[in-house]
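These are the residues of each chain, in order.
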Amino acid sequence: MYDLGDIVEMKKPHACQTNQWEIIRMGMDIKIKCCNCQHIVMMSRKDFEKRLKKVVEKSIEADK
Ligand SMILES: [Zn+2]
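Residues numbered from 1 in each chain as written. Predicted model: local features only at pLDDT ≥ 70, side-chain atom pairs only at ≥ 80, totals over all residues.

The protein chain appears in an unreviewed UniProt entry as DUF951 domain-containing protein from Vagococcus silagei.

Draft legend 1. Region of the structure containing the sheet that holds strand β4 (residues 40-44). Ordered by their spatial adjacency, five strands build an open sheet running β4-β3-β2-β1-β5, and the pairing between neighbours is antiparallel. The outermost strands of the open sheet, each flanked by one partner alone, are β4 and β5 (52-57). Neighbour-to-neighbour, the strand axes of this sheet turn through a mean angle of 40°, independent of strand direction. Pairing of strand β1 (residues 7-10) with strand β2 (residues 21-26), which is carried by two bridges, proceeds in the antiparallel orientation. In the sheet register, Ile7 faces β2, and the bridge partner there is Glu22. (Pairing = 2+ DSSP bridges. Helix = DSSP H or I, 4+ residues; strand = E, 2+ residues; numbered from the N terminus. Axes fitted to C-alpha atoms, helices over the stretch in contact; angles between N-to-C directions.)

Draft legend 2. Fine view of the environment of Glu9. With respect to the secondary-structure elements, Glu9 resides in strand β1. By the C-beta count within 10 Å, which is 15 here, Glu9 ends up partly exposed. (Buried ≥ 20, exposed ≤ 12 C-beta atoms within 10 Å, placed from the backbone.)

Draft legend 3. Looking closely at the environment of Ile7. Counting through the fold element by element, Ile7 comes out in strand β1. Through-space distance from the C-alpha of Ile7 to that of Gln20 is 6.3 Å; in sequence the pair is 13 residues apart. Here Ile7 is in contact with Gln20, Trp21, Glu22, Cys35, Val56 and Glu57, once residues within four sequence places are set aside. (Contact = placed C-beta atoms within 7 Å.)

If you want it as structure tokens, here you go:
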């Protein structure tokens, strides 16, 4: 699973060759920010899940 603030890797890297994105908004749409150039991409949750490769780093240890 993924959550707000997580760092994720997508199937395709950004045009700047970085493949680390931070999830900055979760809702009907998901916004991710490129960790290198700060470029922001918005996509539907469905598209996000299709393009997501893996979660690299969890933001908070929120497991209970
Ligand atoms: Zn970038």
